[in-house]
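# Inside the fold
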Amino acid sequence: MTKLEERAEAYKNAAKHIKSDRVLNLANIWTPVIVQDSGFKMSEAMFDYDKLEQAVYKFHDKYQFDFYMDFCNRNPLRISSALGNTDYIIDDENGALGYATDINYMQPEDYDMILENYDEFIWTKYLNKRYQKLNSGDAIKMMSDAAKEVIAFNNYAVKINTEMAKRDVPPALLMGIPGYFNFYEILYLSLRGLRGLSVDMRRIPDKVKKLCDTMKNGNGFNQYMAAAKKGTNPLSGADFAFYLLGHNILSKKQFEEFYWPSLKEVFDFAEKYDKIVHLFVESENSRFYEFFAQAPKGHVVAHFENDNLFEAKKQIGDKICFCGGMPVDLLARGTKKECVDYAKHLIDELAADGGFIFSQNKMVAYPSDYNPENLLAVNEFVREYRI
Amino acid sequence: MSDKNIFSYPEGYEKVKKESFDFIPEEQREEFMQGFLYIITSIFA
């Protein structure tokens, strides 16, 4: 068994609550930080795959995580730029990559059209709003340039995952394994936006529910399920990932109505096909624990962002493997000793029976989110500590 | 069809597949289009 396969197996053992002598360390650290920690300016690297690649290697050489969320695949700005989009701000001085805070590219009357033909909606009503320069430019050429950038982006993803495999690191959870959003998330993140969707769930809940129930986890996941063979991939940790971001605006009742059917489909599929799903779950989730407690044991790793994992474990038990826990605030402003002491506390309390993967609780996406010396100290501790 | 009509469906959709994706084998263009739309409608793009 190679070291990469050992890491992949250790992830699966954690998912199945099989105790091991060491806890895995997953980097919940994202492109802007990887780029800048490695000495590159974002304005240069975000458009240069060679620099992004070098940034990933330097970051890994320095911190030696077992797994990564992101090998600098998060922001394919070259693709959207080819379509004329400038709806992002690169701030080299503060190390920030910002986007518009809310979007709205559909109207309440569009629910029926999306149900009827999603491609037609995207083509006739969405693209010209999101990529407005297509209306006035040479759209055929811009689409062609963007298509070539999609190929370049995919080639980068294949290359960086292949090269990191040579360094014994399994595929990143973003763009290294299949990853999906359910259709509620698509509405929230890409089509209707926070405000629009919030209003629709009150004014036209039947339309929102019908669309969410019909589209469930989207065509991409439908294709993945249709092609799936039973069994987990020995070369990766999780088999696939889901991102839960927009559920944070839902009440428990709304979650059950609009979100749970698609999440249950994921749970049922993972159990039936013996797969492991990594759930990236933003915000604080205690009001939803009864749903996570219905996960099939051994098949779900949940990376909760703002939750008290000790309390979550009491309530959810061993149905899921917990991931995360290391407070970003402490990494940024605590002492090395405080950070290492807290890391030990997390591992001692959560990994005693397996079922825990160490990571930062929140996305580390800004230089102010961490002190590199603290991160180095914590990673050395997690690497050496034996349970 | 002018570029202003590129957002018609299915005419504009097919025109982009034929002219913008002309460097991709014809039998692979629809599958490529689905992946292309997935990426350019994502939150990250």
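Use the structure listed above.
This text gives an overview of the structure that appears in the document.

Parameters and conventions
- Residues numbered from 1 in each chain as written.
- Chains lettered and ligands numbered in written order.
- Predicted model: local features only at pLDDT ≥ 70, side-chain atom pairs only at ≥ 80, totals over all residues.
- Heavy atoms only, no water.
- Buried < 20%, exposed > 50% of the residue type's maximum accessible area, 1.4 Å probe, protein only.
- Helix = DSSP H or I, 4+ residues; strand = E, 2+ residues; numbered from the N terminus.
- Contact = heavy atoms within 4.5 Å.
- Buried area = accessible area lost by both parts, 1.4 Å probe.
- Salt bridge = Lys/Arg side-chain N within 4 Å of Asp/Glu carboxyl O.
- Polar contact = N/O pair within 3.5 Å; in protein donor to acceptor, adjacent residues only side chain to side chain.

## Some remarks on helix H1 (residues 11–20) of chain B
What H1 of chain B keeps buried is the set Gly 12, Tyr 13, Lys 15, Val 16, Lys 17 and Ser 20 of chain B. Summarising the contacts, the buried residues of H1 of chain B are in contact with helix H7 (118–130) and helix H8 (139–166) of chain A together with helix H2 (29–40) of chain B.

## Describing the interface of chain B and chain A
On the side of chain A, 41 residues touch chain B, which itself brings 27 residues to the contact. Taken together, both faces of the contact between chain B and chain A bury some 3,000 Å²; the carbon and sulfur share is 71%. Among the residues of chain B in contact with chain A, Phe 7, Tyr 9 and Phe 44 of chain B are the three that bury the most area, contributing 26% of the side total. At the boundary of chain B with chain A, the tally comes to 0 salt bridges. In this structure, the connection of chain B to chain A is made through 9 residue pairs in polar contact (both at pLDDT 80 or more).

## Here we look at the environment of His 247 of chain A
All names here are of chain A. Note on placement: His 247 falls in the loop between strand S6 (240–244) and helix H13 (252–272). On the basis of relative accessible area, His 247 is assigned to the buried category, the value being 0%. With 120 residues separating them along the chain, His 247 and Pro 367 place their C-alpha atoms 27 Å apart. Beyond its immediate chain neighbours, meaning those up to four positions away, His 247 contacts Tyr 184, Glu 185, Phe 255, Tyr 259, Val 281, Glu 282, Asn 285, Arg 287 and Phe 288. Looking at His 247, its side chain comes within polar contact range of the main-chain oxygen of Glu 282, at 3.2 Å.

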